[in-house]
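Topology and contacts: notes
Below are the chains, spelled out letter by letter.
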Amino acid sequence: MAVFSACDAIDTASVEQQPVAEAYLEAGKDLPEVVLSRTAPIDAGPGGQQGIRDADVFIDRLGSDGSVVQTVPYRTTDTIGFYVPDSPAPTVQGGTTYRLRAELPEGGSIRAVTTVPTAIQLVASENTDATFQSPVQPSFTVTRAEVKDAPVVLLFTTTSQLDFEALSEDELIAEFTPFYADAYDPDEDDIEDFKVTQSPILNEANYDDNGDGTITIDFPWIAVAFFGGNEVAVSVLDRALYDYLRTQEAQQGGLSPGEIPNIVDNIEGGTGIFGSYARASASINVQRP
C-alpha cells in the first residue's frame, strides 16, 4: 500500500477480474484439492476474493508423448471454490507431468501443467539436537531429485511442535527465537501464523552435491520461529513453484516503484499457481543458547 500511496490514484472499478487457480502436487502423496476463485479490487478488503461455484475440474496425467494416460474428475465440496477428486485420489508420481483443466460456469477455461520432481528420501540427518545459532547447524542429506526444465532448488518448511491450544500467548511468545520475537506485534499479528515458517529458496550455492546421487544441506536458523521440538521438511520445487516463489521474493525485496517484477505463474486463462514438489521430513530440537 505504501507503493500505491506514492502513485496516481487507481481506478479500482476498472480492474479486470480474473479467475484464480491454486493446487500443489506432492510426489508420493494423493492428488490434492484444487481451489478456484476470482480476483477482487484492492479496496475490496478481507474476504473480497470469491470462490467459483460449479466449475468442471479435471487433472490429467500425461504420458511422455503428451497423451492423456488418466483423467481424474473433481467434485465440489461444502466450501465454495474447493474441489476434490471425485473418486479415491490416485498417488502423484514423481517425474510425471500433470495438467489441470477447469471449465468455468460463466464461460472461459483454465489450463496449467506441472512436471513433478522425482521423489526424494532422507539418507542422513546430523546435529538434530542443536543450540540455536550454533556454528554446528542441523544438516540433512537427501537423494537428488530430477527436475524438468529447472535447477534443483530447495526450501525448508518448519512446523513448531509446541501445543498452541494449551499454551497461552505469553507462554508462546516466551518460546520465540530472537528474530521472530522482534518481528511479532501482538496488536497486528496472530501468533498461530508463526507456527509454520519457511526459508528463502536455496540453490546450488547453499548445498553440497556429494557426487553419489545425494546432496547435503544445512538448516538455516531463519527458518525456525520457536525453540523446542520442530518438524522440518526439505522440499525440491518444480519449475512453476520455483518461478512463482522467486518472483514473489523479488517483490518483497524492497525494490523501488517501477522496478517491481510481475509474479511469474503458469496459469493459462487466469492467474494463480499449479505447482509440485518432492519432500522429505525430519525432527529437530532447538535449544536456547
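Along each chain, residues carry numbers from 1 onward, in the same order as the chain's sequence is written. Only residues with pLDDT of 70 or above have their local features reported here, since the model is predicted, and side-chain atom pairs are shown and tallied only from 80 upward, although totals for entire chains, interfaces and linings are computed over all residues. Computation of side-chain values: all heavy atoms of the structure, hydrogens and water removed.

1. Quick word on the pattern of salt bridges
- Salt bridges are counted wherever a side-chain nitrogen of Lys or Arg sits within 4 Å of a carboxyl oxygen of Asp or Glu. All chains considered together, the criterion is met by nine salt bridges.
- A salt bridge links E106 to R38, with the shortest nitrogen-to-oxygen separation between them at 3.0 Å. With E106 in the loop between β7 (97-103) and β8 (109-115) and R38 in strand β2 (residues 34-38), the pair connects residues that are 68 residues apart, well separated along the chain.
- Its relative accessible area of 49% is what places E106 among the partly exposed residues.
- Here R288 makes a salt bridge to E175, at a shortest N to O gap of 3.4 Å. Here the residue R288 occupies a position in the segment after β17 (271-287), and E175 occupies one in the loop between α2 (169-173) and α3 (178-183), the gap between them amounting to 113 residues.
- According to the relative accessible area criterion, E175 is partly exposed, its value standing at 25%. The numbering of helices and of strands both runs from the N terminus, where a helix is a DSSP run of H or I of at least 4 residues and a strand a run of E of at least 2. Only protein chains enter the accessibility calculation, which uses a 1.4 Å probe; a residue is then buried when its area is under 20% of its type maximum, exposed when over 50%, and partly exposed in between.

2. As for the nonpolar core
- For this analysis, a nonpolar core means a set of buried residues of the types Ala, Val, Leu, Ile, Met, Phe, Trp, Tyr and Cys, connected via side-chain atoms within 4.5 Å. If you look at the biggest cluster of nonpolar residues, it comprises 52 residues, and the most contacted ones within it are V34, L36, V57, L100, F156, F219 and F274.
- At six residues, β17 tops the list of elements feeding residues into this core.

3. Considerations on helix α4 (residues 239-251)
- Compared with the 18 Å implied by 1.5 Å per residue over 13 residues, the 18 Å span of α4 between its first and last C-alpha is a close match.
- When α4 is considered as a whole, its buried residues turn out to be A240, L241, Y242, D243, L245 and T247.
- Against the buried residues of α4 lie β1 (19-26), β12 (154-160), β13 (196-198), β16 (228-237) and β17. One fewer than the residue count of a helix, multiplied by 1.5 Å, yields its expected span. Contacts: residue pairs with any heavy atoms within 4.5 Å of one another.

4. Examining the confidence of the model for the protein chain
- Averaged over the protein chain, the pLDDT score is 90; the fraction of residues at 70 or greater is 89%.
- Here residues 1-10 scores under 50 on pLDDT; set against residues more than four positions off or in separate chains, the count is five contacts. Known as pLDDT, the predictor's per-residue confidence is scaled from 0 to 100.

5. A closer look at unusual backbone geometry
- Within the chain, D54 stands out as a residue other than glycine whose phi angle is a positive 55°.
- Inspection of the secondary structure assignment puts D54 in the loop between β3 (50-51) and β4 (56-62).
- The class of D54 is exposed, set by a relative accessible area of 57%.

6. Here we look at the side chain of R61
- Checked against the element boundaries, R61 lands in strand β4.
- In this tally, Asp and Glu contribute negative charge and Lys and Arg positive charge; neither His nor the terminal groups of the chain are included. Comment: no salt bridge for buried R61; closest opposite-charge side chain is D60, at 9.7 Å.
- Setting aside chain neighbours within four positions, we find R61 in contact with S67, V68, V69, Q70, Q93, T96, T97 and Y98.

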